[in-house]
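# Overview (structure and organization)
What follows is the residue order along each chain.
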Amino acid sequence: MSVIAALIAEVFLLGGPFAWWLARSAWAGRHPQTAIRVWHATAAGVLVSLATVLILVAHDVWEHAMVWLFHADKPLIHAAYGGTWMARGIGEAALLLLLGGASAMAVVAIRRFLSQRRARDRFRLAVDTSGSETDDPRVRVMDHENPAAFCIPGGRGRDRIVITTAARTLLSAEQMAATLEHERAHLHLRHHRTILAAEVVTTGFGPFGLLRPYADQVRRLAELAADDRASHAHGRLTVAAALLEMGSANPVPSGLDGMPALTGPDVGGRIRRLIAAPARRTSAPAGLLAPAALLVALIAPPAVALAPAVLLMDTAHAQQALGADHAPATGSRAR
Ligand SMILES: [Zn+2]
């Protein structure tokens, strides 16, 4: 039982205080792309811990597996994992709840993915037919009075960057180049996928107080990461000036909500950040943080779940030997 309690504690610690800390850490703003990966690792930790709880709650299956795998004594294994209070009914209800939750999240993810893809396909067709081409085959100019720059992800050969004629008038050549670089960064880093994953998980867990800032933070960090890429090529002040010019514009046409654009969340904060501090490349320790966090998030839950069984390894043999002391020595086969 303590194993399930430990895993549930991990779920609430990662999804609550840790997510709260990550959302407020200045470090994330300095290393946005790494911070996005740490957010995904945190969410993976919550999901894997919950999945492990699910497997443990279906304890009949788990206990048989542990007895077989570690050659452990069944009553001792049962005491370690099952305890006495966990009636079968509770286990099955929890299992149903978790399976229902997982299925609901899968349905939300698939529906959102398909509806976004339909919207992107519609817009791609519109800009391919009515937009004018540029030197870059991915970039299209759309005749529109609203200054906007955004991308339509679609994979190889289907990625588009759209700028409106109003944005072209508004921005200098250098600002336009920085804007295009910002959009290329969104496409290259596949930010639309990362945002979709965060939105689906936040929809599922947010109402329970878990991972609440996840989607908002990933959206914000995706913008910072794209700003940094554009800054490396065209200078921070150019990106800040482009943002200032475009700041009041609608980021994307309605129907494409959630697609990465130049503007978006917290334009003021982004401009201040670009003016205040040089964009730093991810340092080696910060770069290692993401894989380390992911590793811990994925390994910790199964490690916690397996610990009692490992500690009871070969106890079945010990119990048999104990029984054999009271019986004639017929040579109970020991390994
Ligand atoms: Zn952007």
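A quick note: this is a predicted structure, and the numbers were derived from the prediction, not measured.

Summing up its helical and strand segments, the protein has 14 helices and four strands in all. Here the protein, with 335 residues, has 43% of them falling under the buried criterion. Sequence-distant contacts in the protein: of pairs separated by 6 or more residues, those separated by 24 or more amount to 72%. Counting only carbon and sulfur atoms, one obtains 64% of the accessible surface of the protein, whose full area is about 17,100 Å².

Take a nonpolar patch on the surface next. A cluster of nonpolar side chains, namely Leu294, Leu295, Leu298 and Ile299, defines an oily patch on the protein surface of about 360 Å² accessible area. The class of Leu298 is partly exposed, set by a relative accessible area of 38%.

Attention now moves to the nonpolar core. The biggest cluster of nonpolar side chains holds 26 residues, and the ones touching the most others in it are Trp39, Val201, Leu211, Tyr214 and Leu221. Of the residues that make up this core, three or more belong to each of domain 1 (1–86 + 284–335) and domain 2 (140–282). Those residues in contact with Tyr214, other than ones at most four positions away along the chain, are Trp39, His40, Ala43, Ala197, Ala198, Val201 and Thr202.

For the protein, the average pLDDT comes to 82, and 82% of its residues sit at 70 or higher. A low-confidence stretch, residues 327–335 (pLDDT under 50), is modelled with three contacts involving residues beyond four sequence positions or located in other chains.

Aromatic rings considered in pairs are described by the distance between their centres and by the relative angle of their planes. Inspection of every chain in the model, using the stated rule, returns two aromatic pairs. With 5.6 Å between their ring centres and 40° between their planes, Phe18 and Trp21 make a pair best called tilted. Of this pair, Phe18 and Trp21 are both found in helix 1 (residues 2–24), three residues apart, which corresponds to roughly one turn of the helix. Taking the relative accessible area as the measure of exposure, Phe18 reaches 29% and is therefore partly exposed. On the basis of relative accessibility, which here comes to 46%, the residue Trp21 falls in the partly exposed class.

With that settled, consider the sheet that holds strand 1 (residues 132–133). Strand order in the open sheet formed by four strands is 1-2-4-3, and the pairing between neighbours is mixed. The open sheet has two free edges, formed respectively by strand 1 and strand 3 (149–152), since each of these has just one partner strand. Bridge count for strand 1 against strand 2 (residues 139–142) is two bridges, and the pairing is antiparallel. Considered in strand 2, the bridge of Glu133 is made with Arg140.

Across its 16 residues, helix 8 (residues 173–188) extends 22 Å between first and last C-alpha, which sits within 8% of the 22 Å expected from 1.5 Å per residue. Looking only at helix 8, the buried set comprises Gln175, Met176, Ala178, Thr179, Leu180, His182, Glu183, Ala185, His186 and Leu187. Phi for Arg190, located one or two positions after helix 8, is positive at around 50°.

So, on to the packing of helix 8 against helix 10 (residues 214–234). At a minimum axis separation of 8 Å, helix 8 and helix 10 run at an interaxial angle of 130°. With respect to their mutual orientation, helix 8 and helix 10 come out oblique. Helix-helix and strand crossings are classified by hand; for helix 8 and helix 10 the assignment is right-handed. In this structure, helix 8 contributes Glu174, Ala177, Ala178, Glu181, His182, Ala185, His186 and His188 to the contact, and helix 10 contributes Ala222, Glu223, Ala226, Asp227, Arg229, Ala230, Ala233 and His234. For the contact of helix 8 with helix 10, the residue count by class is seven nonpolar, four polar and five charged.

Before going further, it helps to examine the side chain of Asp227. Relative to the helices and strands, Asp227 resides in helix 10. Overall, the relative accessible area of 0% leaves Asp227 in the buried class. Setting aside chain neighbours within four positions, we find Asp227 in contact with His182, Val239, Leu243, Arg270, Arg273 and Leu274.

Moving on, we get to the environment of Leu14. Examined against the element boundaries, Leu14 turns out to sit in helix 1. For the pair Leu14 and Ser49, spaced 35 residues apart in the sequence, the C-alpha separation amounts to 10.0 Å. In contact with Leu14, other than residues within four places in its own chain, are Ala19, Thr42, Gly45 and Val46.

What follows deals with the pattern of salt bridges. Throughout the structure, instances matching the rule amount to 13 salt bridges. A salt bridge links Arg158 to Asp121; the nearest nitrogen and oxygen atoms lie 3.0 Å apart. Residue Arg158 is found in the loop between strand 3 and strand 4 (160–164), and its partner Asp121 is found in helix 6 (residues 88–130); the two are separated by 37 residues along the sequence. Looking at Asp121, the relative accessible area reads 31%, which means it is partly exposed. We note a salt bridge from Asp159 to Arg190, for which the minimum N-O separation is 3.2 Å. Highlighted residues: Asp159 in the loop between strand 3 and strand 4 and Arg190 in the loop between helix 8 and helix 9 (191–205), separated in sequence by 31 residues. Taking relative accessible area as the criterion, Arg190 reaches 18% and is therefore assigned buried. Three or more residues are tied together by salt bridges with common partners; here these are Arg112, Glu199, Asp216 and Arg219.

Rules and cut-offs
Residues numbered from 1 in each chain as written. Predicted model: local features only at pLDDT ≥ 70, side-chain atom pairs only at ≥ 80, totals over all residues. Heavy atoms only, no water. Helix = DSSP H or I, 4+ residues; strand = E, 2+ residues; numbered from the N terminus. Buried < 20%, exposed > 50% of the residue type's maximum accessible area, 1.4 Å probe, protein only. Contact = heavy atoms within 4.5 Å. Areas by Shrake-Rupley, 256 points an atom, 1.4 Å probe, with all protein chains shown as cover. Patch = residues over 30% accessible without salt bridge, like charges linked within 9 Å, V, L, I, M, F, W, Y side chains within 5 Å. Salt bridge = Lys/Arg side-chain N within 4 Å of Asp/Glu carboxyl O. Core = buried A, V, L, I, M, F, W, Y, C linked by side-chain atoms within 4.5 Å. Domains from an automatic or database assignment. pLDDT = per-residue confidence, 0-100. Phe/Tyr/Trp six-rings, centres within 6.5 Å; stacked < 30°, edge-to-face > 60°. Pairing = 2+ DSSP bridges. Expected span 1.5 Å × (residues − 1). Axes fitted to C-alpha atoms, helices over the stretch in contact; angles between N-to-C directions. Parallel < 35°, antiparallel > 145°, perpendicular 65-115°, else oblique. Left-handed = near helix turned anticlockwise from the far one by under 90°. Nonpolar A, V, L, I, M, F, W, Y, C, P; charged D, E, K, R; others polar.

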